Amino acid sequence: MISLRAERKEVTSIKSDALIMFIPSDEKNKKSIKRKLGALLGKSIVPTVLDDIKGKQGETTVLYTPDIFSAKRIILSGIGESEKLSLEYLRRAGAAAAKTAVRMKLSSVAYMLDIFENNDVPLNASLADISCALAEGAALGTYTFSHYFTDEEQRSHPLQTVSFNASRKNTLNDIKEGIYKASNICRGVYLARDLGNTPGIDLYPETLAAIARDECRKAGCKVTIFDEKKIQSLKMGGIVSVSKGSERPPRFVIIEWNGGKRLEKPYVLIGKGITFDTGGISIKPSAGMGDMKMDMSGAAAVIGTMQAAASLKLPVNIVGLIPACENMPSGKAIRPGDVIRIMNGKTVEVDNTDAEGRLILADALVFAKRYKPKAVVDLATLTGACVVALGHYATGMMGNDSSVIESLKAAGERSYERVWELPLYDEYEKLIKSDIADVKNMGGRWAGAITAGWFLKKFVDDYPWVHLDIAGTAILAENADYTQKGASGIGVRLLIEWLRMMRT
Ligand code: BES
Ligand code: MN
Ligand code: ZN
């Protein structure tokens, strides 16, 4: 990841390859900023160049500076209409500028924050939040997954240092706070994206568990890993059954961050960790099956969040739980029609071996009870039906507690990792009734995201619980402002925002 820092320097003595300045699109505010720019650049700038700059969102323009500047270039990044300005638009503008620098093969850039320090553009946010948003855009927009390229050029880009420049002494600390927050959060998102993008040949339950252990311990968490024997002895029948068809044994990972008071109850985060989902005996069609290397995106979100929460030393207690399996077909695999027993003894008729995520989550939801949690949030690439319903721009949300639902909704708006509630009405419950067991793992053609949610609800105890179906938001088909095709790392920014709201 690029290194993010905050500093205070005279604009002419900043030694970056380019200065980054922001420009709005509406005439009034644009004029005053252009006037300042004209004064800064003097005769070296042709006035027509300034006239041509529209300030539209995503638009970047490169200008060249006169000799008195140490930095040779200015990259102007449009932020659109100042009236509509939001933290999300700043993430996009931050990304657009950094991506232009990457295309130009620059190795360092400096973001000029004076228009925000001086309130030249109206925006109802703290300077810490503004710097954080710009830095998130810069870091997340320049993410690449290049580990497997052998060509040096493809493996890295030269952009290394991104600094955020305070024009005054009394704002430097606020900017520092925002940059510190952004670098820790983005490191968590990078980890989640890397895990999602790593193919199943290299990422399987044991390696997923080992990476979770190494990264989260480094950040200050306590990590415990249950192996197959321990999982069997705990009678986690969902995990045991789903992993049966694979040569790779399952793992159950417990990550703890105790930043809160000693006896305070924790928030429990559960992440679906299917390292590859072939569907099992109910095998999936081959087109697009490769995307199922990302079926552990829920686990990746939890690992990235735990790492970020610990590095930020959030004053809350959090437990991350990750059931990890590979869903493969083989002579040892479970079959459609089999009846299995979840950790609490409840029986499940496996109508379809491709509805495997809910089976391993059921064990984790039962296990979560041990912690007497304040609330449990699970994240899972659970259903294709959720992608059909909401596409790639909203995560499906279901739960039993309106206050957790509302707080996650608010965190979703702030982080722009938005969530949308689907109903868990009683009427849906009968769709997963089994003729021979307590419940079956599939609900038929309609309301697939909801019947999956209802299945999970059957294993939820009396704690507040929310389920997030990230099937559409974790796996992206194209590049956008600060996300790339592939694993989005969704959930880390949402959960960190939420946990910050929850701290007491
Ligand atoms: N991992 C898939 C869901 C999925 C699909 C995630 C597409 C991301 C993109 C899950 O295990 C699955 O296969 N679900 C089935 C459930 C069905 C058999 C009840 C589905 O959605 O088809
Ligand atoms: Mn499946
Ligand atoms: Zn799956």
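All values reported here derive from a predicted model rather than from experimental measurement.

Remarks on the coordination of the manganese ion (ligand 2)
Argument step 1. On the protein side, the manganese ion (ligand 2) has D277 (OD), D354 (O), D354 (OD) and E356 (OE) as donor atoms, found 2.0 to 2.2 Å from it.
Argument step 2. If you look at the manganese ion (ligand 2), its 6 donor atoms make angles of 69 to 168° with each other, and the shape they trace is irregular.
Argument step 3. Expressed as a motif, the donor residue spacing for the manganese ion (ligand 2) is D-x76-D-x1-E.
Argument step 4. The metal-metal distance between the manganese ion (ligand 2) and the zinc ion (ligand 3) is 3.1 Å, with D277 serving as a donor to both. Here D354 lies in the loop between β13 (347-349) and α12 (357-368) and D277 lies in strand β10 (residues 273-277), a separation of 77 residues in the sequence.
Argument step 5. Since its relative accessible area comes to 22%, D354 is described here as partly exposed.

Digging into helix α11 (residues 297-311)
Argument step 1. Look at α11: 21 Å from first C-alpha to last across 15 residues, which is about the 21 Å you get at 1.5 Å a residue.
Argument step 2. The element α11 is largely enclosed, with a buried count of 15 among its 15 residues.
Argument step 3. Positive phi shows up at K313, right after α11, with a value of about 50°.

Things to note about the nonpolar core
Argument step 1. L19, L90, Y111, F116, F164, I255 and W498 are the most contacted members of the largest nonpolar core, which has 124 residues in total.
Argument step 2. Tallying contributions element by element places helix α7 (residues 172-197) first for this core, with 11 residues.
Argument step 3. Residue-level mapping places this core at the junction of two domains, with at least three residues from each of domain 1 (3-188) and domain 2 (198-502).
Argument step 4. Ignoring sequence-local partners within four residues, the contact set of L90 consists of I79, L85, F116, L123, I130, A133 and L134.
Argument step 5. Core analysis: the second largest hydrophobic core is formed by 49 residues, V319, I432, F455 and Y463 among them.

A short note on the side chain of T198
Argument step 1. If you trace the backbone, T198 turns up in the loop between α7 and α8 (205-219).
Argument step 2. A polar contact of 2.6 Å, which involves the side chain of T198, links it to the backbone oxygen of D194.
Argument step 3. Other than its neighbours up to four places away in sequence, T198 contacts F145, Y148, L203 and K293.

Re the domain arrangement of the chain
Argument step 1. Here the domain parsing of the chain yields domain 1 (3-188) and domain 2 (198-502).
Argument step 2. Between the C-alpha centres of domain 1 and domain 2 there is a distance of 37 Å.
Argument step 3. Taken together, the 20 residues of domain 1 in the interface contact 20 residues of domain 2.
Argument step 4. Taken together, the two surfaces of domain 1 and domain 2 that pack against each other cover about 1800 Å², and 53% of this comes from carbon and sulfur.
Argument step 5. Across the contact surface, domain 1 and domain 2 share 3 salt bridges.
Argument step 6. A salt bridge links D129 to R414; the shortest N-O distance between them is 3.4 Å.
Argument step 7. At the surface where domain 1 touches domain 2, the tally comes to 11 residue pairs in polar contact (both at pLDDT 80 or more).
Argument step 8. Elements with a contribution of two residues or more to the side of domain 1 that touches domain 2: α3 (87-103), α5 (127-141) and α7.
Argument step 9. Residue contributions to the side of domain 1 that touches domain 2 peak at 6 residues, all from α7.
Argument step 10. Here the residues of the side of domain 1 that touches domain 2 are counted per class, giving 7 nonpolar, 5 polar and 8 charged.

Calculation criteria
- Residues numbered from 1 in each chain as written.
- Chains lettered and ligands numbered in written order.
- Predicted model: local features only at pLDDT ≥ 70, side-chain atom pairs only at ≥ 80, totals over all residues.
- Heavy atoms only, no water.
- Donors = N, O, S within 2.8 Å, 3.2 Å for Na, K, Ca; no water.
- Tetrahedral: all angles 85-135°; square planar, octahedral: opposite > 155°, others 65-115°.
- Helix = DSSP H or I, 4+ residues; strand = E, 2+ residues; numbered from the N terminus.
- Buried < 20%, exposed > 50% of the residue type's maximum accessible area, 1.4 Å probe, protein only.
- Expected span 1.5 Å × (residues − 1).
- Core = buried A, V, L, I, M, F, W, Y, C linked by side-chain atoms within 4.5 Å.
- Domains from an automatic or database assignment.
- Contact = heavy atoms within 4.5 Å.
- Polar contact = N/O pair within 3.5 Å; in protein donor to acceptor, adjacent residues only side chain to side chain.
- Buried area = accessible area lost by both parts, 1.4 Å probe.
- Salt bridge = Lys/Arg side-chain N within 4 Å of Asp/Glu carboxyl O.
- Nonpolar A, V, L, I, M, F, W, Y, C, P; charged D, E, K, R; others polar.

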